[in-house]
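Residue-level structure breakdown
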Amino acid sequence: AQSVAQPEDQVNVAEGNPLTVKCTYSVSGNPYLFWYVQYPNRGLQFLLKYITGDNLVKGSYGFEAEFNKSQTSFHLKKPSALVSDSALYFCAVRDRESGGYQKVTFGTGTKLQVIP
Amino acid sequence: NAGVTQTPKFRVLKTGQSMTLLCAQDMNHEYMYWYRQDPGMGLRLIHYSVGEGTTAKGEVPDGYNVSRLKKQNFLLGLESAAPSQTSVYFCASSLRPLPEEQYFGPGTRLTVT
């Protein structure tokens, strides 16, 4: 079984400050991990993913995420927040042992509010 | 490229009515997916397709049917709508199987009264 948790429903950060959106996961094997962003009335957009290799993954719009196997976490970060980063962020996980079943488990989402 | 498009954008149904949601992609992607998004629950996979003419059940398939007669289209049908199917429905596609990133459509907001 695979699951993902986003412990914060909302994160508020001042423009220009660093931001972190938290994600923890649970899989029986090793994970593939993803971050997606959803702007109001739009579909989800891919930000970045962890497959293997370097634990620090860089993605779109200056975002990055750090895979931490011991803490089973994949937190999303950005050094300097922009007002335009305000959106709903989803973490997702897929167990490498899932075989052909095409399922990614999404978290419940974290609303990021960047305050001018 | 239009990417992934969905029609209609909004729909209100009465209990027991039927409807079909259309998803189209112009990226020549093999894999297509239907999700529903409910408050506080994230996205849940309804059905998916790994290629033209194929479909498979996701985690919440009951009450829905799908068809993939053409590679670029993936249809989601509700034969007898129920209030529990009130949701926002998203279609997605990917070129290759997971963990390939998915491209999402703008969504269809369905209300069943």
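For every chain, the first residue of the written sequence is number 1, and numbering continues from 1 onward in sequence order. For naming, the first written chain is A and the first written ligand is 1, with later ones following in the order written. Totals for whole chains, interfaces and linings use all residues, but because this is a predicted model, local features are given only for residues with pLDDT of at least 70 and pairs of side-chain atoms are given and counted only at 80 or more. Just so you know, side-chain values use all the structure's heavy atoms and leave hydrogens and water out.

The helix and strand inventory of chain B stands at zero helices and 11 strands. For chain B, the succession of helices and strands along the chain, N to C, is β-β-β-β-β-β-β-β-β-β-β. Note on method: radius of gyration uses C-alpha positions; expected globular size equals 2.2 Å times residues raised to 0.38. Relative to its length of 113 residues, chain B is compact, with a C-alpha radius of gyration of 13 Å against a globular reference of 13 Å. Taken along its principal axes, the extent of the C-alpha atoms in chain B is 35 × 30 × 25 Å. Across chain B, the fraction of contacts at a sequence separation of at least 24, relative to all contacts at a separation of at least 6, is 55%. For accessible areas, the Shrake-Rupley method is used with a probe of radius 1.4 Å. Any residue's cover is judged against the shown protein chains and nothing else. When the accessible surface of chain B is totalled, it reaches about 5200 Å², and 53% of it is carbon and sulfur. Computing the positive centroid from 11 side-chain charges and the negative centroid from 9, chain B places the two 8 Å apart. Counting from the N terminus, the helices are DSSP H or I runs at least four residues long and the strands are E runs at least two residues long. Residue contacts are defined here by distance: any two heavy atoms, one from each residue, within 4.5 Å place the two residues in contact. The convention is simple: Lys and Arg are positive, Asp and Glu are negative, and His and the chain ends are not counted. Every charge is mapped to an atom, namely NZ of Lys, CZ of Arg, CG of Asp or CD of Glu.

In this section: the interface of chain B and chain A. On the side of chain A, 22 residues touch chain B, which itself brings 24 residues to the contact. The term buried area means the drop in 1.4 Å probe accessible area that two parts suffer when joined, counted for both and summed. Buried area between chain B and chain A, both sides added, is near 1800 Å², and the carbon and sulfur share of it is 59%. Sorting the residues of chain B by area buried against chain A places L98, P99 and F104 of chain B first, and these three jointly supply 31% of that buried surface. One speaks of a salt bridge when a side-chain nitrogen belonging to Lys or Arg is within 4 Å of a carboxyl oxygen belonging to Asp or Glu. Put simply, chain B and chain A have two salt bridges between them.

Let us now look at the packing of aromatic side chains. Residue and element names in this part refer to chain A. Two aromatic rings, drawn from Phe, Tyr or Trp (for Trp, its six-membered ring), form a pair once their centres lie within 6.5 Å of each other, and the interplanar angle then sorts them: stacked below 30 degrees, edge-to-face above 60, tilted otherwise. Overall, the coordinates contain 15 aromatic pairs over all chains when judged by the stated rule. Ring geometry for Y36 against F46: centres 5.7 Å apart, planes inclined by 75°, an arrangement best described as edge-to-face. Here Y36, found in strand β5 (residues 31–38), pairs with F46, found in strand β6 (residues 44–50); they are 10 residues apart in sequence, far enough to count as distant. Residue burial is assigned from relative accessible area. The probe radius is 1.4 Å, only protein chains are included, and a residue is buried under 20% of its type maximum, exposed over 50%, and partly exposed in between. For Y36, a relative accessible area of 1% puts it in the buried group. With relative accessibility at 22%, the residue F46 sits in the partly exposed group.

In this section: the sheet that holds strand β3 (residues 19–25) of chain B. All names here are of chain B. A pair of strands counts as paired when DSSP detects no fewer than two bridges linking them. Spatial strand order, β1-β3-β8-β7: four strands in an open sheet with antiparallel pairing. Across the chains shown, the open sheet's two edge strands, defined by having one partner strand only, are β1 (4–7) and β7 (65–67). Adjacent strand axes in the sheet meet at a mean angle of 20°, parallel and antiparallel pairs treated alike. Bridging between β7 and strand β8 (residues 73–78) involves three bridges; their strand directions are antiparallel. What sits directly across from N65, in β8, is G77. Only C-alpha atoms enter the line fits that serve as axes; for helices the fit covers just the stretch in contact. Angles between N-to-C directions range over 0 to 180 degrees.

So, on to the environment of P99 of chain B. Looking at the secondary structure, you find P99 of chain B in the loop between β9 (87–94) and β10 (103–104). Here the alpha-carbon distance between P99 of chain B and L45 of chain B, two residues 54 residues apart in the chain, equals 15 Å. Those residues in contact with P99 of chain B, other than ones at most four positions away along the chain, are Y32, F34, K49 and I51 of chain A.

Shape is all these values report; function is a separate question.
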